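Secondary and tertiary structure notes
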Amino acid sequence: MKLSKELFSFLQSKEIQVDIVRPSTTYWQDAWRRLKQNPVAIASLILIVLIILVAIVGPLFSPYSYSAQNFDSTNQGPSAEHWFGTDGLGRDLFTRVLHGARISLSIGFVASLLTLGVGVLYGGIAGFAGGRVDNIMMRFVDIMYSIPFLLWVIMMMVYLKEILPENAGLISIYIALGLVFWLPMARIVRGQILSLKEQEFILAAHTIGASRWRILIRHLIPNCVGPIIVTATLAIPEAIFTEAFLSFIGLGVSAPKASWGMLASDALTSLKSYPHLLFFPAGAICITLLAFNFLGDGLRDSLDPKMRK
Amino acid sequence: MAQYLHDTPILEVKNLKKYFGQRVSTGKTKHPQDETPDMASGDKPKILPEKQKRLFGAGGGAVKAVDGVSFTIKTGETFGLVGESGCGKTTIGRTLVGLYKPTEGSVIYKGVDLSKATGALRIRNRRQMQMIFQDPYASLNPRMTVGDIVGEPIDIHGLASNKNERQERIQQILDLVGLNPEHINRYPHEFSGGQRQRIGIARALAVEPELIVCDEPVSAVDVSIQAQIINMLERLQNELDLTYMIIAHDLSMIKYVSDRVAVMYLGKIVELVYSENLYANPQHPYTRALLSAVPIADPEVERKRQRIILEGDVPSPINPPSGCYFHTRCSSALPICREIEPEKTDLGDGQWVTCHNL
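Rules used in this analysis
Residues numbered from 1 in each chain as written. Chains lettered and ligands numbered in written order. Predicted model: local features only at pLDDT ≥ 70, side-chain atom pairs only at ≥ 80, totals over all residues. Pairing = 2+ DSSP bridges. Helix = DSSP H or I, 4+ residues; strand = E, 2+ residues; numbered from the N terminus. Buried ≥ 20, exposed ≤ 12 C-beta atoms within 10 Å, placed from the backbone. Core = buried A, V, L, I, M, F, W, Y, C linked by C-beta atoms within 7 Å. Contact = placed C-beta atoms within 7 Å.

1. Details of the sheet that holds strand 5 (residues 112-113) of chain B
All names here are of chain B. If you walk across this open sheet you meet the 4 strands as 2-1-4-5, and the pairing is antiparallel. Each edge of the open sheet is held by one strand with a lone partner, namely strand 2 (63-74) and strand 5. Relative to strand 5, strand 4 (residues 104-109) runs antiparallel, the two being bridged by 2 bridges. Across the sheet, residue I108 finds its bridge partner in strand 5, namely D113.

Here's what the structure looks like:
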């Protein structure tokens, strides 16, 4: 092959500089940019936002009330008037599922927020402080753990029903779940922090004079974000299921209020004759949980700079 | 580098001891911040041995990582510290910068006893002593951009008054360590080992330190990169008037960079010597053994020379031998070595040796 001289020319000094400054983005902007590249996670996010919106405004547009009974049309299948059919008391199932979304989602959110807030900080402080502080804090968690989780929640519910006013069923569920849901998160975060804090970048942060609080917030917790997100996403379905169980044994929200779990458990008695009563609330639970899990997965990946493409 | 030597000491270490409680099998780990001076009040130097007796049973069991070490680092010099793995080199380095609290003894920085310094003085001292870490992969927070890693010390000590100034300073420092300032928004995993080590050096430089403890700064990078990093450290020393303490196990590297070299064995300094005399006139049998392990790049010489091969393993620092710690492996040990710990002997010309058999 022959190369003529005309093919070559000297670069101008401007052209040599090929590196372009990457736009300055914060950690969260960066994470959002990566999340946007994940279609499943974005679809899940849109779905979750839709479900939340429908749960908030949906019942306002429904011609039926969630508690209005109509004995002329009981146990109907899905139709134009009743999209999801009606239950044994003639209540519109669609409206009840929308109402149930409010309760179930709020329980899921409260549980996962508590898990995130209390669990991460508690586990973080225990793991980082170490020594006696860690011992005392984690023995307390062990004691809480040693009581069976449902027994604990049931005890709290019974006790709270006594001291709280009659219509406070939902609040007592929040408190009971809040008391136990942060425990696994605290353990996971503590374990992560114990292994991270011996790493050299933490020692480096000490030498440049970073305060302990700064090391915990800026260095340790961001590096546990993967397990944290996974645990927090799993807390949402767990809380929804726990509430369903509590409703099932009569400790959850009281009738005529409806949660998804309660609708599902009510439908079990007539499963053979009217299966649609189970399908719709159960389907709502499934879709929500799937969406949260996919979103959690996507978040975990996008919060890790190594996944940057 | 000798032309930068002054006789004013920047750092004095007196009879420094650092014992660690033995790790117990229940998964309990040692927490470095237990040892940082924040927690313990400075006027109770005996607190740790007491605590360890309580925690790990009476009668010791403590790992004597550093067992009575004294030396002085002069302003502007490069002080080398060599020894095999587990002899306490890194522990000394970390104790100097305040990551560990000494069990006994004192670290005096510019006339101020660091374990007694409090408040602003302590923060200033901490700022002036920085550390470069061994593993460039573990020493950078993977979730922070290079700009934030280098910028963090600037934020902590308020060295920039606004965002632009901060940005400018970060770019200056990156330029100083030979990194492209335009890489400011990249993450550590996008760099090679040598570049990462440069980021670590940039972070240490960001607070304008006077003394930098380099803990095996090149042992984790490629041989071709080692020379680059070492030469850069020398250039920075000249440009910024830095004092270095370099910890390493590579004698030829240490000899090349250091003005003086301290040889450590089992938590003690056995020989301290100007590096030009290190090869010419090693006195301690351990120093000789170490030197004879350095390969010579001449097959003729290499084939003919007699290597001193040390028998056995390093004794456990939990239960070190009596007398001279080295007598179990020393080829020229005398009966006295078993009984009495040798004193420091001044051989003149800045050379100190602890050996009975001189």
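2. Some points on the pairing of strand 7 (residues 211-215) of chain B
Side-chain positions along a regular strand alternate between the two faces of the sheet. Residues and elements named next belong to chain B. Burial analysis of strand 7 places 5 of its 5 residues in the buried class, which makes it a mostly covered element. Of the two faces of strand 7, both are covered, the one formed by L211, V213 and D215 as well as the one formed by I212 and C214. The pairing of strand 6 (residues 129-132) with strand 7 spans 4 bridges and is classified as parallel. What sits directly across from M129, in strand 7, is L211.

3. Here we look at the nonpolar core
Core analysis: the biggest nonpolar cluster contains 90 residues, and B:A202, B:M245 and B:V263 have the highest contact counts within it. In terms of residue count, the dominant contributor to this core is strand 1 (residues 9-20) of chain B (6 residues). Contacts of B:M245, omitting those with residues within four sequence positions, involve B:I73, B:F79, B:L81, B:G93, B:L211, B:V213 and B:C214. Grouped together as the second largest cluster of nonpolar side chains are 65 residues, A:A31, A:I107, A:L183 and A:F292 included.

4. Describing helix 3 (residues 89-96) of chain B
Residues and elements named next belong to chain B. Counting buried residues in helix 3 gives 8 out of 8 residues, a clear majority hidden from the surface. Taken together, the buried positions of helix 3 are K89, T90, T91, I92, G93, R94, T95 and L96. Backbone geometry just downstream of helix 3 places G98 in the positive-phi region, at approximately 90 degrees.

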